[in-house]
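# Chain and residue survey
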Amino acid sequence: MAALATGDLDLPDNIMTPWLGKVRGGSVLATLSPAEAQRFGKGTAMVFDSGEAELVSEGGQKSSNDITKTVQSVEPHKFQKTVRMNEEVLWADEDGQTDAVKQILAQIQPALSRALDFGAIHGINPKTGAVSGTITQKFASVTNQVERAAADKPYANLDAADLLVLAEGYVPSDIALDPTFAAAFSSLRAGQTEQKLYPNFRLSTEVSELDGHRSSVSRTVGGAGVVASPSGILGIVGDFGGFRWGIQKQIGLELIRYGDPDGQGDLKRNNQVAFRAEVVYGWGISDLDAFALIVDKVA
């Protein structure tokens, strides 16, 4: 472990590896869709389709199949989080500095993990909650929607969303849920035995099973308390294999000793230092019709 010094800090593997792994633990999108290695910058991927096979009679002629292609674009978006600490944190010995780095990352990591969801689901700046004009690919743009009324059975809403996805030719294998919608499933009991109707369903981002779907739960789906203009999203149903994401720029931790890096006053005057971590996510949605939203009817 290198001593803390001005500039970028090299994090040891025993800290860095679990930190990157926690991105999955804080994001429903990262949980339901595996990350892919990406180069920095905008990118494109080609999806090809040649249609179905042809029946040929004995002695009959064979015709060609046209190949159609769909371009899937990937956009990079940078997120950062800066935290201040008293400069005494730098006075510790090497072991103490390692502990300090762990504490700093514990403050920064969850927000950067959730940033993937807030950006790709709602298209917002997570700090302000305002819609970002630079984010063009987001789940909030999905047009296939099911309105949920307060008296609705939650599985009826899920069934309706499944039908919308199936009608588009996709398999609705996954669902991301807001906690309020997830609780409606978790509270269901079967008959007089009062056993849980969905015993394998868990109210966490960790993948669990819900009525034949891989599920993940987080407040990032609805964005309560963060999204300035809530869209009322309660659930996202579809094939999350159609969502591609990755970390384009290696995550680093920067120690800042001087100046006013975050508009909170001069560091030296306040006997403080600042730590900043940045991540560049790249993501793309192959087809919005592969998904359906379950939205609050009153939203």
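Cut-offs used in this document
- Residues numbered from 1 in each chain as written.
- Predicted model: local features only at pLDDT ≥ 70, side-chain atom pairs only at ≥ 80, totals over all residues.
- Heavy atoms only, no water.
- Phe/Tyr/Trp six-rings, centres within 6.5 Å; stacked < 30°, edge-to-face > 60°.
- Helix = DSSP H or I, 4+ residues; strand = E, 2+ residues; numbered from the N terminus.
- Polar contact = N/O pair within 3.5 Å; in protein donor to acceptor, adjacent residues only side chain to side chain.
- Contact = heavy atoms within 4.5 Å.
- Pairing = 2+ DSSP bridges.
- Axes fitted to C-alpha atoms, helices over the stretch in contact; angles between N-to-C directions.

### Regarding the packing of aromatic side chains
A complete count under the given rule lists 10 aromatic pairs for this structure. Linked through ring pairs, Phe79, Trp245, Tyr281 and Trp283 together constitute an aromatic cluster.

### Thoughts on the side chain of glutamine 272
Mapped onto the fold, glutamine 272 is located in strand β12 (residues 272-285). In this structure the side chain of glutamine 272 is engaged in a polar contact, spanning 2.8 Å, whose partner is the side chain of arginine 84. If near-sequence neighbours (up to four positions away) are discounted, glutamine 272 is found in contact with Arg84, Met85, Asn86, Glu87, Arg257 and Leu267.

### Re the environment of threonine 220
Assignment of secondary structure puts threonine 220 in the loop between β9 (213-217) and β10 (233-238). On a C-alpha basis, the gap between threonine 220 and valine 28 in space is 7.9 Å, while along the polypeptide they are 192 residues apart. Contacts of threonine 220, omitting those with residues within four sequence positions, involve Val28, Arg114, Asp117, Phe118, Ile121 and His122. A polar side-chain atom of threonine 220 sits 3.0 Å from a polar atom in the side chain of serine 218.

### Quick look at the sheet that holds strand β13 (residues 291-296)
Read from one edge of the open sheet, six strands run β4-β13-β10-β5-β9-β8, paired in mixed fashion. The open sheet is flanked by β4 (145-148) and β8 (208-210), the only strands paired with a single partner. Direction aside, neighbouring strands of the sheet carry axes that sit 25° apart on average. Relative to β13, β4 runs parallel, the two being bridged by four bridges. Note that in β13 the partner of valine 146 across the bridge is isoleucine 294. Of the strands in this sheet, β4, β5 (174-177), β9, β10 and β13 touch helix α4 (residues 154-167), which is tilted by about 165° from β4. Along the sheet face, helix α5 (residues 179-186) touches β4, β5, β8, β9, β10 and β13 and points at about 115° away from the line of β5.

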